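# Remarks on the overall topology
What follows is the residue order along each chain.
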Amino acid sequence: MKYSGEEALGLIETRGMVPAIQAADVMCKTADVVLVSYENMGSGLVTVMVKGDVAAVRSAVENGAAAAAAIGELTAFHVMPRPISRVGKIVSSHDIDAE
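Summarised in this report is the structure supplied together with it. This structure is a prediction, so every number in the text was calculated from the model and none was measured.

In this section: the overall build of the protein chain. Helix and strand counts for the protein chain stand at three helices and four strands. Going from the N terminus to the C terminus, the protein chain shows its helices and strands as β-α-β-β-α-β-α. Sequence separation of at least 24 residues holds for 74% of the intrachain contacts in the protein chain that already meet a minimum separation of 6. Per element, the accessible surface of the protein chain, about 5,300 Å² overall, is 56% carbon and sulfur.

Structure below.
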């Protein structure tokens, strides 16, 4: 999903794919957010990113982080209310819809 920076961006980083997928699932089910991308960072770290309005992203990230921590290792999470457009270019390079 393309991200251009006009909406809030939520990020959750875990060690391992299983807690990352759990976080993504919970985030998308508990708030009106859209899954933007995921990135395998190396050393087992996986980051998943969602976008939406600030309140929805904040709620999604809090719930997703708790779900990830319950089944694996949560290493970081953060909500960026409205990052600059250049951040969107970084995130979109790993767009889940890109071919």
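Next comes the rest of the account.
Another point: the pattern of salt bridges. For the structure shown, the criterion picks out three salt bridges. Between Glu 7 and Lys 51 there is a salt bridge whose closest N-O contact spans 3.6 Å. You can see Glu 7 sitting in the segment before strand 1 (8-15) and its partner Lys 51 sitting in strand 3 (residues 45-52), a full 44 residues away along the chain. Owing to a relative accessible area of 33%, Glu 7 belongs among the partly exposed residues under this scheme. With relative accessibility at 12%, the residue Lys 51 sits in the buried group. One salt bridge in this structure joins Glu 73 and Arg 15, with 3.3 Å as the shortest N-O distance. Of this pair, Glu 73 sits in strand 4 (residues 73-80) while Arg 15 sits in strand 1, and the two are 58 residues apart along the sequence. Residue Arg 15 is classed as partly exposed on the basis of its relative accessible area, which comes to 38%.

What follows deals with the sheet that holds strand 4. Strand order in the open sheet formed by four strands is 2-3-1-4, and the pairing between neighbours is antiparallel. Bordering the open sheet on either side are strand 2 (34-42) and strand 4, each of which pairs with just one other strand. Each adjacent strand pair in this sheet contributes to an overall mean axis angle of 15°, direction not counted. Where helix 1 (residues 17-30) meets the sheet, it contacts strand 1, strand 2, strand 3 and strand 4, and its direction lies at approximately 10° from that of strand 3.

In this section: the side chain of Thr 14. Looking at the element boundaries, Thr 14 is found in strand 1. Within the local environment of Thr 14, its side chain forms a polar contact with the backbone oxygen of Gly 16, the two atoms lying 2.9 Å apart.

Cut-off values and rules
- Residues numbered from 1 in each chain as written.
- Predicted model: local features only at pLDDT ≥ 70, side-chain atom pairs only at ≥ 80, totals over all residues.
- Heavy atoms only, no water.
- Helix = DSSP H or I, 4+ residues; strand = E, 2+ residues; numbered from the N terminus.
- Contact = heavy atoms within 4.5 Å.
- Areas by Shrake-Rupley, 256 points an atom, 1.4 Å probe, with all protein chains shown as cover.
- Salt bridge = Lys/Arg side-chain N within 4 Å of Asp/Glu carboxyl O.
- Buried < 20%, exposed > 50% of the residue type's maximum accessible area, 1.4 Å probe, protein only.
- Pairing = 2+ DSSP bridges.
- Axes fitted to C-alpha atoms, helices over the stretch in contact; angles between N-to-C directions.
- Polar contact = N/O pair within 3.5 Å; in protein donor to acceptor, adjacent residues only side chain to side chain.

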